[in-house]
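For reference, the chains in residue letters:
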Amino acid sequence: MTRPTAGLIALTLLVALGTAAEAQAPVFENLSDAVRTAALQGKCFDAAIKEIKLPKYEKWGNYEAFLPGNIERFCEYWGRGY
């Protein structure tokens with residue numbers, strides 16, 4: 001499934017995290033998929049923010065600080081039914 005708008009969101013979020021775009025692309029694909037599932041289950045926003053974790057990336061700098069906001073952004077996108 002092509003997600004051009006989700007890609008634009010990911011590019012915007014890449015700037016916030018401050019690491020190489022190539023390394024970050026998978027985290028946003030994984031996060032987008034997790035949030036899409038949560039949105040389809042009606043969990044956006046609060047439940048999604050509490051439940052979604054990406055253990056593979058927990059050691060990244062600013063993971064804890066930026067994860068809730070990134071989940072919100074993807075909830076806004078997927079919550080609109082895209």
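Up top you'll find the structure we're talking about.
Every value quoted in this text rests on a predicted model; they were computed, and no experiment measured them.

Trainee: Help me understand the overall build of the protein chain, please; the structure alone is not making it clear to me.
Mentor: Of regular secondary structure, the protein chain possesses four helices and zero strands. Helices and strands in the protein chain line up, N terminus first, as α-α-α-α. Counting all 82 residues of the protein chain, 30% fall into the buried class. Counting only contacts in the protein chain whose residues sit at least 6 apart along the sequence, the fraction spanning at least 24 positions is 63%.

Trainee: For this particular structure, what's the right way to read the state of the cysteines?
Mentor: Among covalent bonds in proteins, the disulfide is the one between the sulfur atoms of two cysteines. Taken as a whole and judged by the stated rule, the model has one disulfide. Between the sulfur atoms of C44 and its disulfide mate C75 the distance is 2.1 Å. For the disulfide bridge between C44 and C75, the dihedral angle about the S-S bond is near -80°, and by the sign convention the bridge is left-handed. Placement of C44 in the loop between α2 (21–40) and α3 (46–51) and of C75 in helix α4 (residues 63–78) is noted, with a sequence separation of 31 residues between them.

Trainee: Can you walk me through the nonpolar core in this structure?
Mentor: The nonpolar side chains of a soluble globular protein tend to be buried, and buried together. Ranked by internal contacts, the top residues of the largest apolar core, which has 16 residues, are L31, V35, A48, I52, L54, I71 and F74. Those elements that place two or more of their residues in this core are α2 and α4. Of the residues forming this core, the biggest block, seven residues, is contributed by α4.

Trainee: Help me understand the packing of aromatic side chains in this model?
Mentor: Where two aromatic rings form a pair, the distance of their centres and the angle of their planes describe that pair. Summed over the entire model, instances satisfying the criterion amount to two aromatic pairs. With a centroid separation of 4.9 Å and 80° between ring planes, the pair formed by Y57 and W60 is classed as edge-to-face. Overall, the relative accessible area of 4% leaves Y57 in the buried class. With 4.7 Å between their ring centres and 75° between their planes, Y77 and W78 make a pair best called edge-to-face. Each member of the pair Y77 and W78 is classed as buried. Between R36 and the ring centre of W78, over which it is positioned, the NZ or CZ distance is 5.3 Å.

Trainee: Just checking my understanding: could you explain the pattern of salt bridges for this structure?
Mentor: In a structure, side chains of opposite charge can pair up when their charged atoms sit close to one another. Inspection of the entire model under this criterion finds one salt bridge. The residue E51 makes a salt bridge to K43 at a minimum N-O spacing of 2.9 Å.

The rules we used
- Residues numbered from 1 in each chain as written.
- Predicted model: local features only at pLDDT ≥ 70, side-chain atom pairs only at ≥ 80, totals over all residues.
- Heavy atoms only, no water.
- Helix = DSSP H or I, 4+ residues; strand = E, 2+ residues; numbered from the N terminus.
- Buried < 20%, exposed > 50% of the residue type's maximum accessible area, 1.4 Å probe, protein only.
- Contact = heavy atoms within 4.5 Å.
- Disulfide = S-S within 2.5 Å.
- Core = buried A, V, L, I, M, F, W, Y, C linked by side-chain atoms within 4.5 Å.
- Phe/Tyr/Trp six-rings, centres within 6.5 Å; stacked < 30°, edge-to-face > 60°.
- Lys NZ or Arg CZ within 6 Å of the ring centre and 35° of its normal.
- Salt bridge = Lys/Arg side-chain N within 4 Å of Asp/Glu carboxyl O.

Limitation: the analysis is restricted to geometry and does not speak to function.
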